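Coordinate analysis (summary)
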Amino acid sequence: MSALIDGYRLWYRFPEKFSVAPSAEPFLAASFFAASQSGQILEIKDSNTASPRLLANLKNLQCIFGCWKPDLRPFTVNLQAAIPHAGNKMVCSFFSGGVDGLYTLLNNESEITHLVYINGFDFHVSPEEFAVNVQRLKDWSAPFEKELIPVETNFYEFDQLYGVGRHWSHGACLASVALLLQPAKCIVPTSFTYRNLRPWGTHPLTDNLWSTEITEIIHDTADLDRPEKLQRIAERSQAVLDNLVVCWKYPDRNCGQCLKCIRTMIILKILGIDTYAFTSSITAEDVSKISPSQHYRHHFEDLLRFAIKQGDEFMERALRRTLSISTTRKIVKFIDDKYLNQSIRTGFRYFQKKRR
């Protein structure tokens, strides 16, 4: 199924057995941030109607995201309200083998009937790689007796055209896929707990607002943080833990070097949990040499609190050191940008070249 949006063909591909009648709702969700960037009227030429519930909630979504990201512009939707046709009875959740999706499956195992795996959401791999990943996840989910729905889309490229940022738009992408499949319910895995919620694309305030009269989209219970989720996963099954994939670099294995892998390895180290999901473990000395970006700093602050709570003095000292290095670099960057015209970084790059 596809639509031409401002000259760009946005498409979704999914197994034929899940075919649904064409409707406006998936593309209303998908184009939400594109419309918010331009402030233009949003029209769907081949459809005159859309879900009354979704149309009413678009104003609330604009209000919430507009408060979080003030450069977004209000826009109007030129569609009439009409209740959509009956959807499917399935209950689905999004899944790629990571901590959040896996915990949501375990937390709602008796209710979930289908798992949705998307290529083109936060990564894009070749059709051959996607087929291998789909088969891996099918084999993995078979003991849970859940059917996997592979979905392909070019939303990742579409989103980059408008430069909104994936941390804002990923909720709209997930909503568009859910509204395309039209399940009775779709459960969105959580990224943060209730105590550390922040403006984000998926959020307890916004996820349900993408719902229609036939598809209820809900944000999963956000009472556990990442260490607690990993502990629950480990308690459930070592085999499940050994197949965990959290990597930014690869969709089918863990590189052990990206910050997302490192964060998970630190938690497992503090918990004293062994797994074949990573080819090596991490030491406190390794952690002390890391300098997380400012965007990722809050994750390491959470890790520090967790190390203190668990009484791991070695990891606590290492995390304090890495956060101190991160703070120093932030101060140096500020001074370099504001007062020194980036001369420190220019000199650093020069000496790096000389050393080579």
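As a convention, each chain's residues are numbered from 1 in the sequence order in which they are written. Given that the model is predicted, a residue must reach a pLDDT of at least 70 before its local features are reported, and side-chain atom pairs must reach 80 or more before they are shown or counted; all residues, however, enter totals for whole chains, interfaces and linings. Only hydrogens and water are set aside; all other atoms, that is, all heavy atoms of the structure, feed into the side-chain values.

As a further point, take a nonpolar patch on the surface. Two joining distances apply to patches: 9 Å for like charges and 5 Å for nonpolar side chains (Val, Leu, Ile, Met, Phe, Trp, Tyr), and every residue must have over 30% relative accessible area and no salt bridge. All accessible-area figures derive from a Shrake-Rupley calculation using a 1.4 Å probe, and residue coverage is judged against the displayed protein chains alone. When a carboxyl oxygen of Asp or Glu is within 4 Å of a side-chain nitrogen of Lys or Arg, the pair counts as a salt bridge. Among the surface-exposed residues, Ile331, Phe334, Ile335, Tyr339, Leu340 and Ile344 lie close enough to one another that they form a single nonpolar patch of about 580 Å² accessible area. Considering every element that reaches the nonpolar patch, the biggest residue donor is helix 13 (residues 313-338), with three residues. Examined against the element boundaries, tyrosine 339 turns out to sit in the loop between helix 13 and helix 14 (343-355). Think of it in three bands: with a 1.4 Å probe and only protein chains considered, a residue is buried below 20% of the maximum accessible area for its type, exposed above 50%, and partly exposed in between. On the basis of relative accessible area, tyrosine 339 is assigned to the exposed category, the value being 57%. Under the DSSP-based scheme used, a helix requires at least four consecutive residues in state H or I and a strand at least two consecutive residues in state E, with every element numbered from the N terminus.

Every definition here rests on a 1 Å grid over the protein atoms only: cavities are sets of points where a 1.4 Å probe fits but cannot get out, pockets are open sets enclosed by protein on both sides within 12 Å along at least five of seven lines, and lining residues have some atom within 4 Å of a point. Grid points are joined across faces, edges and corners, and a volume is the space filled by probe spheres set on the points. Tallied over the entire structure, the rule returns three cavities of 30 Å³ or more. Of the pockets and cavities examined, the largest cavity occupies roughly 60 Å³. Ala30, Phe33, Ala34, Phe155, Phe158, Asp159, Tyr162, Val164, Ser169 and Ala172 are the residues that line the largest cavity. Looking at the lining of the largest cavity element by element, the count peaks at four residues for helix 6 (residues 155-162). Across the lining of the largest cavity, the residue classes tally to eight nonpolar, one polar and one charged. Amino acids are sorted into nonpolar (Ala, Val, Leu, Ile, Met, Phe, Trp, Tyr, Cys and Pro), charged (Asp, Glu, Lys and Arg) and polar (every other residue, Gly among them).

Glancing now at the sheet that holds strand 1 (residues 2-5). Taken in spatial order, the seven strands of this open sheet run 1-2-7-6-5-8-9, and their pairing is mixed. Since the sheet does not close on itself, it has two edges, and those belong to strand 1 and strand 9 (216-219), each with one partner. Taking each pair of neighbouring strands and ignoring which way they run, the sheet shows an average axis angle of 25°. Where strand 2 (residues 8-13) meets strand 7 (residues 147-153), two bridges bridge the pair, whose relative direction is antiparallel. Within the sheet, the bridge partner assigned to arginine 13 lies in strand 7 and is glutamate 152. Each of strand 2, strand 5 (91-94), strand 6 (114-119), strand 7, strand 8 (185-188) and strand 9 touches helix 7 (residues 166-181); the most contacted strand, strand 6, lies at about 125° to it. Strand pairing follows a simple DSSP-based rule, namely that at least 2 bridges must link the two strands. Structural elements are reduced to axes, namely lines fitted to C-alpha atoms, with helices fitted over the stretch in contact, and the angle between N-to-C directions of any two is expressed from 0 to 180 degrees. Whether two residues touch is decided by their heavy atoms; if any such pair falls within 4.5 Å, the residues are in contact.

pLDDT expresses how confident the predictor is about each individual residue, on a scale running from 0 to 100. In this model, the protein chain carries an average pLDDT of 90, and 98% of its residues clear a pLDDT of 70 or more. Model confidence for the protein chain, summarised as mean pLDDT per element, is weakest for helix 14 at 71 and strongest for strand 8 at 98.

The interhelical angle for the contact between helix 4 (residues 99-107) and helix 8 (residues 226-236), taken along N-to-C directions, is 60°, at an axis separation of 10 Å. The pairing of helix 4 with helix 8 is recorded here as oblique in orientation. The way helix 4 lies across helix 8 gives a crossing that is left-handed. Judged by residue contacts, Val99, Asp100, Leu102, Tyr103 and Leu106 of helix 4 engage Arg226, Lys229, Leu230, Arg232, Ile233 and Arg236 from helix 8. We call two directions roughly parallel when the angle between them is under 35 degrees, roughly antiparallel when it is over 145, roughly perpendicular when it lies between 65 and 115, and oblique otherwise. Left-handed describes a crossing whose near helix is turned anticlockwise from the far helix by less than a right angle; the clockwise case is right-handed.

Note on aromatic contacts: the rings of Phe and Tyr and the six-membered ring of Trp form a pair at centre separations within 6.5 Å, being stacked when their planes are under 30 degrees apart, edge-to-face when over 60 apart, and tilted otherwise. This model, assessed by the stated rule, comprises 17 aromatic pairs. Ring geometry for phenylalanine 33 and phenylalanine 65: centres 5.1 Å apart, planes at 75°, overall edge-to-face. Taken together, the residues phenylalanine 33 in helix 2 (residues 32-38) and phenylalanine 65 in helix 3 (residues 52-68) connect sequence positions 32 residues apart. Looking at phenylalanine 65, the relative accessible area reads 1%, which means it is buried. Criterion for a charge above a ring: Arg CZ or Lys NZ at most 6 Å from the ring centre, at most 35 degrees from the ring normal. Positioned above the aromatic ring of phenylalanine 121, the side-chain terminus of arginine 166 is 4.9 Å from the ring centre. Looking at arginine 253, its charged tip hangs above the ring of tyrosine 250, at a distance of 3.7 Å from the centre.

Moving on to unusual backbone geometry. The phi dihedral of glutamate 145 falls on the positive side, at around 60°, and the residue is not glycine. With respect to the helices, strands and loops of the structure, glutamate 145 is situated in the loop between helix 5 (127-141) and strand 7. One non-glycine residue with positive phi stands out, namely glutamine 342, at about 60°. As for its placement among the helices and strands, glutamine 342 is situated in the loop between helix 13 and helix 14. Of the residues examined, glutamine 342 reaches a relative accessible area of 36% and is grouped as partly exposed.

Attention now goes to helix 4. The element helix 4 is extensively covered by neighbouring structure, given that eight of its nine residues are classed as buried. The elements touched by buried residues of helix 4 are strand 5, strand 6, helix 5, strand 8, helix 8 and helix 9 (238-242).

Of the volumes computed, that of the largest pocket is approximately 1000 Å³. Along its surface, the largest pocket is lined by 40 residues, and Asp100, Phe121, Asp122, Arg166 and Lys260 are the ones closest to its centre. Looking at the lining of the largest pocket, the elements that each hand over two or more residues are helix 4, strand 6, helix 7, helix 10 (259-271) and helix 12 (297-310). In terms of residue count, helix 7 provides more of the lining of the largest pocket than any other element does, four residues in total. For the lining of the largest pocket, a count of residues per class yields 21 nonpolar, 12 polar and seven charged.

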